[in-house]
Structure formats: structure tokens, C-alpha cells
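# Observations on the model geometry
Here is what each chain is made of, one letter per residue.
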Amino acid sequence: MKFNLKDRFTSQLPADPILENSRRQVSNACFSYVTPKQTANPQLLHVSDDMLQTLGLTKKDSATKEFLNVFTGNSVMVDTKPYAMCYGGHQFGNWAGQLGDGRAINLAEVEHNNKIWALQLKGAGETPYSRTADGLAVLRSSVREYLCSEAMYHLGVPTTRALSLALTGDQVLRDMLYNGNAAYEKGAVVSRVAPSFLRFGSFQLLAAREDTATLKTLVDYTIKNHFSHLGDPSKETYIAFFKEVAERTLEMIVHWQRVGFVHGVMNTDNMSILGLTIDYGPYGWLEDYDVDWTPNTTDAENRRYRYSNQPNVGLWNLFQLANALFPLVNEAAPLEAILDDYKLGYDKASLKMMRSKIGLYTEFDSDFKLIQELEANLQLVETDMTIFYRTLANFNNKAPEEALKLLEDAYYNPDALTNAVKSKWNKWFTAYANRLELEHTAPEKRKQQMNLVNPKYVLRNYMSQLAIDAAENGDYTLINELYTILKQPYNEQQNHNKWFAKRPEWARHKVGCSMLSCSS
Ligand code: AMP
Ligand code: MG
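Below you will find a few notes about this structure.

Cut-off values and rules
Each chain carries its own residue numbering, running from 1 in the written order of its sequence. Labels are handed out in written order, letters beginning with A for the chains and numbers beginning with 1 for the ligands. Since the coordinates come from a predicted model, pLDDT governs what is reported: local features require at least 70, and pairs of side-chain atoms require 80 or more to be given and counted, while whole-chain, interface and lining totals use all residues. The side-chain quantities take in all heavy atoms of the structure and omit both hydrogens and water. Each nonpolar core is a collection of buried residues, namely Ala, Val, Leu, Ile, Met, Phe, Trp, Tyr and Cys, held together in the definition by side-chain atoms within 4.5 Å. With a 1.4 Å probe rolled over the protein chains alone, any residue whose accessible area is under 20% of its type maximum counts as buried; one over 50% counts as exposed, and the rest are partly exposed. Secondary structure follows DSSP: runs of H or I at least 4 residues long count as helices, runs of E at least 2 residues long count as strands, and numbering of each begins at the N terminus. It only takes one pair of heavy atoms within 4.5 Å for two residues to be counted as in contact. Each metal's donors comprise the N, O and S atoms found within 2.8 Å of it (within 3.2 Å for Na, K or Ca). Water is not part of the atom list, so some coordination spheres may appear incomplete. Criterion for a disulfide: a pair of cysteine sulfur atoms within 2.5 Å. By definition, two strands form a pair when at least two bridges between them are found by DSSP. In these notes, residues near a molecule or strand are those with any non-hydrogen atom within 4 Å of it. We define a polar contact as two N or O atoms separated by no more than 3.5 Å, with the added condition that, inside protein, one atom must be a possible hydrogen donor and the other a possible acceptor, whereas residues neighbouring each other in sequence contribute only through side-chain atom pairs. Polar here means any residue outside two lists: the nonpolar Ala, Val, Leu, Ile, Met, Phe, Trp, Tyr, Cys and Pro, and the charged Asp, Glu, Lys and Arg; Gly therefore counts as polar. What counts as a domain boundary in this text is fixed by an automatic or database domain assignment.

Grouped together as the largest cluster of nonpolar side chains are 129 residues, with contacts concentrated most on Phe 203, Trp 285, Phe 388 and Trp 425. With twelve residues, helix α8 (residues 235-259) is the single largest residue contributor to this core. In contact with Trp 285, not counting residues within four places along its chain, are Cys 148, Met 152, Leu 155, Val 259, Gly 260, Phe 261, Trp 293, Val 458, Leu 459 and Asn 461. Phe 3, Leu 57, Val 70 and Leu 107 belong to the second largest nonpolar core, which has 28 residues in total.

Shown next, in the form of C-alpha cells:
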């Protein structure tokens, strides 16, 4: 295993001078050096062949003892110095002060094919930012992060990636439901990969501490290394930087809405400055189209991070980032203008995305109403989002009255389709058929195009749970099966049709399937 090592982050940004791994406030620095924890009996469970290739590694490399040891934190690569990043954040709307990589440790940056990647372990032991927790991760949340980040990538959603999933051989104590029933679970480590793991909170913490010098160093660093097309740092460049972060964040959230992904914890420490989906915790996938749904039990009361609120939270988070960048811009108007653009831009991008989901490629003003009515209908009775849109590609606009039959599989309880509901749907299908008459796309072509934006396979909540249950019992085949299917989410893959199915009833209220806590 040979990497072309880089050290942009650690060589260009101020380090915490204290080397002792004790929990503390770290000021005037962007990171602390820290060594991953040795584990009892590391065992690789899966490696992403796609990510291996992206990093210039081979399958043979991943079978070495060195790979196992490096990506479980048991050995440190020569000429590298692992580090944890310092950041803060707003959690559920409240400023939380310093958070930082409490259970993540960056190993190094590596270059392959002119791209530089940061390699990071999640669950490799405590750091100065671990606060009251142990720095470890358990198998269930590691399986979830590993599978979902790769699935999101193949869905075309901007995301951090995952390279490997391993057991540590250690036991980790967790109170999964925060109800006083703590139990030991298998410890695990995921190695994650991204061009950068910087978050909104990385900038916020420096601004909150009024450390404008380090803030400027970090912003200049970010522009130089990740937004170099914006030019040399200046007030104008800082504004352009914020504008691009806003645009990327918007684009990411439009993708989430398209595929039915609910992040679950959109705290500002979980917002990537590169607009990548980051920190897969109690996320979930919409099964029945309930726009108020959030998988996160910690947020059950206010549902701040529910599906329908994700675009607004994106804006709220960008507002916090604007505040953090303000000391470098010293003028509110240009930042406010960008936030205003987000609102208009989101509506526009969302409409375009929704048009593509229903196969409309020309634009009529009436489309907005048609889409609104569709979204309202989808909420009349429990309707599976993924199955509905995927099957809609087979809609025959010459026979809209047959559509309800066609879409039968999308309804959780066909008996709930009362005459009133049916009549609303039939009305919509007729309007849709009329609208399609105005399109010039042949039905076969429309189907093809719709199938490129409406996935057939997503990582349904119960699918991860089945993979987790099997893995807890030492069977890792389902992890591989799901990983493989989710590499081609838009392809038919007829032999995997069993995963193109509604959530089974047993999963409706099962922990891990319909509800998750932050305990990971
Ligand atoms: P999250 O909500 O997962 O993004 O985590 C919020 C903060 O808590 C971050 O600073 C994490 O690093 C930290 N954290 C979460 N779980 C642990 C853990 N098991 N050990 C140490 N720190 C943790
Ligand atoms: Mg986090």
C-alpha cells in the first residue's frame, strides 16, 4: 500500500500545541494531534472497491495486514501524524460551543489522479474533543454510515465516502434508547474519505471566540485549497465563497428531497463546507410519503429536522455561517443578498427537480400547481415514495384511468383508498395525462429519463437493520449484497426485485427501522 501523502491541513493551519490526549478547550488552533486507539482484535468486514480504486489502491492492498491495521487505527502510516479537528456548532438551534472530532481521527491526506482526499477513522478512540463520551462507535451505526454514504454517492448525491468497515474486537457500552438500559455492543470503525471534513462549525467556533486571525487563516486556507477558482482571498472572494457554499448546500438538499433522504441531525457541525452529506447518524429514508417524518427520536417533539423542513434548516444554517464570516466581510448586505437568493433559488431548483421526477422537460406555469396537488395526494393515504415515482414512469397517458391499478403496489393499505381518495387521484392522473400531451418526449424516452432521477433501490431503514442484525450474528453477506445493489440504484436489477418493496409491517415500529436515537 503506497500513498502519495499530502499534509495541507496540518502544515497550513495552526495546531494545538498541547500533545497530551486530555479533554479540553482548544483555542487559536484548528486541530489537535492525537493517536488512534489500539483495538483488541481488528477484523475487516467490508471494503468499498469503488473507493479503493478512487484512491489508487488494489484489492490486493486491501487484503494486507497493513491495510487492516491502518484503517482500524492500530498502526500509523510512516510520515503521517493523525489529528482531530476543532469545531463548534449549533445543535437543534442552540449554540453549543466547542464540539470537535470527538470520535473521528484524520489519518492523512493522499493524492491520486490529481485529487486530494482526507482519510479519516470514525470510532478510533478518544480525542481532546470527546467531552464526556468514549470516542468509539458501535457496529450498528458503523454499518449504517458505511452503506449509506456509498449508496448516496451512487445515487448522485454529494457526500463524504467510505472506504472500509471493520470490527475492533472491543465491546462498547451504549444506552441505545437513552432509557437507562445500557448494554455492551460490538465496537467498529469506519474509514471515511472526503476532499475535506471542514464544517460550518469549524468557522463558527473561531468567530464565536472572536479569533478573527485564525478565522481568516482558515477561510483563506479553504479558498486556496478547495475553492481556488474564486481567486486570491479578498472581501469579494469571501463573498463569492459564501455564495458558492450556499449554492452547494442548496444543491445537496434538493438531492435529499429528490431521493427521500432525511439527515436527522442537521446541526451546523454536521454541515460540510463543501456541500457534502456528512455525519450519517439517525438518518432515514421516507417510505410512506410523510413530509413531517424524522427518524431521530431525540427530535421527535419539535421535528426540527423533518423531511419538509430540511430546505429551511439549510437556510438557517447558512445564516449562522454568514454570521461567522461577517468579521471578514464587515458588510451585511452582500451576505443577506445571498441568503435571499437561496430562498428563490431553492424554489426554482426544487420545481425543476420535481418536474424531472414526473417526466416534464418543458416549463408551464401550471406545473407548480400540478406538483403541489401531487404532493398533497401522496399524503392522503400511506404511499411509498420510491415505488410511486419509479412506477410512475410506466404511466400511460392515453389511459389515465388505469393508473391507480398500475400504482397499486405503492399503497401500504389498498383498503384505505376510499372513493374520495380514488377520485382525487383520478383527477390528478387526468391532469397529468393532459400535461404530458404538451411534452414532445416519446413515452419510452420519458421512462428512461425518469428512471435516471427516481431510484429503484434506496437503503430503506429496515434493509440496514436486517444487515445489522445479521452482522451482529457474524453474517456479513447482506452488507455485501446491499452494497452491491446500491451501486446501481437506477438500474432494474430484476434479480434483486425483493428489495423493491414496501417496508414490511414488522418494521413499522421497530427500533432502527422507523426510529433511531443519536446514540452511536
Ligand atoms: P454528532 O451529533 O454525531 O454529529 O456528534 C456531536 C458531537 O458529539 C461531535 O463533536 C462528536 O464528535 C461528539 N460525539 C458523538 N459521539 C461521541 C462519542 N461516542 N465519543 C466522543 N464524542 C462523540
Ligand atoms: Mg457530527
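Protein-derived coordination of the magnesium ion (ligand 2) comes from Asn 270 (OD1) and Asp 279 (OD), at a distance range of 2.0 to 2.2 Å. Across the pair, Asp 279 and Asn 270 agree in class, each one buried.

The next subject is the state of the cysteines. By definition, a disulfide links the sulfur atoms of two cysteine residues through a covalent bond. Inspection of the entire model under this criterion finds zero disulfides. Free of any disulfide, Cys 30 has its nearest neighbouring cysteine sulfur in Cys 86, separated by 7.5 Å. When its relative accessible area of 4% is taken as the criterion, Cys 30 is described as buried. A disulfide-free cysteine, Cys 148 has its sulfur positioned 14 Å from the sulfur of Cys 513, the nearest such atom. On the basis of relative accessibility, which here comes to 0%, the residue Cys 148 falls in the buried class.

Attention shifts here to the pairing of strand β8 (residues 115-122). For a regular strand, side chains alternate in direction, first toward one face of the sheet and then toward the other. Within β8, seven of the eight residues are buried, leaving the element largely enclosed by the surrounding structure. Both strand β7 (residues 104-112) and β8 contribute to a ladder of eight bridges, which runs antiparallel. Each residue of the ladder has a partner; that of Glu 109, found in β8, is Ala 118. Between β7 and β8, which pair antiparallel one after the other, the connecting turn spans two residues, and Asn 113 there sits at a positive phi close to 50 degrees.

The next thing to look at is the site of ligand 1. In the neighbourhood of ligand 1, 16 residues make up the surrounding shell, with Gly 100, Gly 102, Arg 103, Arg 131 and Gly 135 lying closest. The side chain of Arg 103 places a nitrogen or oxygen atom 2.6 Å from an oxygen atom of ligand 1. When grouped by side-chain class, the residues that make up the shell around ligand 1 number three nonpolar, six polar and seven charged. For the shell around ligand 1, the two domains that each supply at least three residues are domain 1 (4-197) and domain 2 (201-356).

Right, let's talk about unusual backbone geometry for a bit. Phi is mostly negative for residues that are not glycine, and the peptide bonds are mostly trans. Although it is not a glycine, Asn 113 sits at a positive phi angle of roughly 50 degrees. With respect to the helices and strands, Asn 113 occurs in the loop between β7 and β8. The class of Asn 113 is exposed, set by a relative accessible area of 64%. One non-glycine residue with positive phi stands out, namely Glu 210, at about 55 degrees. Take Glu 210: it is sitting in the loop between α6 (200-208) and α7 (212-226).

The next thing to look at is the environment of Tyr 412. Turning to its location among the elements, Tyr 412 is positioned in the loop between α13 (403-406) and α14 (419-437). Exposure remark for Tyr 412: the relative accessible area of 11% places this residue in the buried category. For Tyr 412 and Ala 133, which are 279 residues apart along the polypeptide, the C-alpha to C-alpha distance reads 40 Å. Residues within four places of Tyr 412 in sequence aside, it is in contact with Glu 287, Asp 288, Glu 382, Thr 383, Asp 384, Arg 460, Lys 502, Arg 503 and Arg 508.

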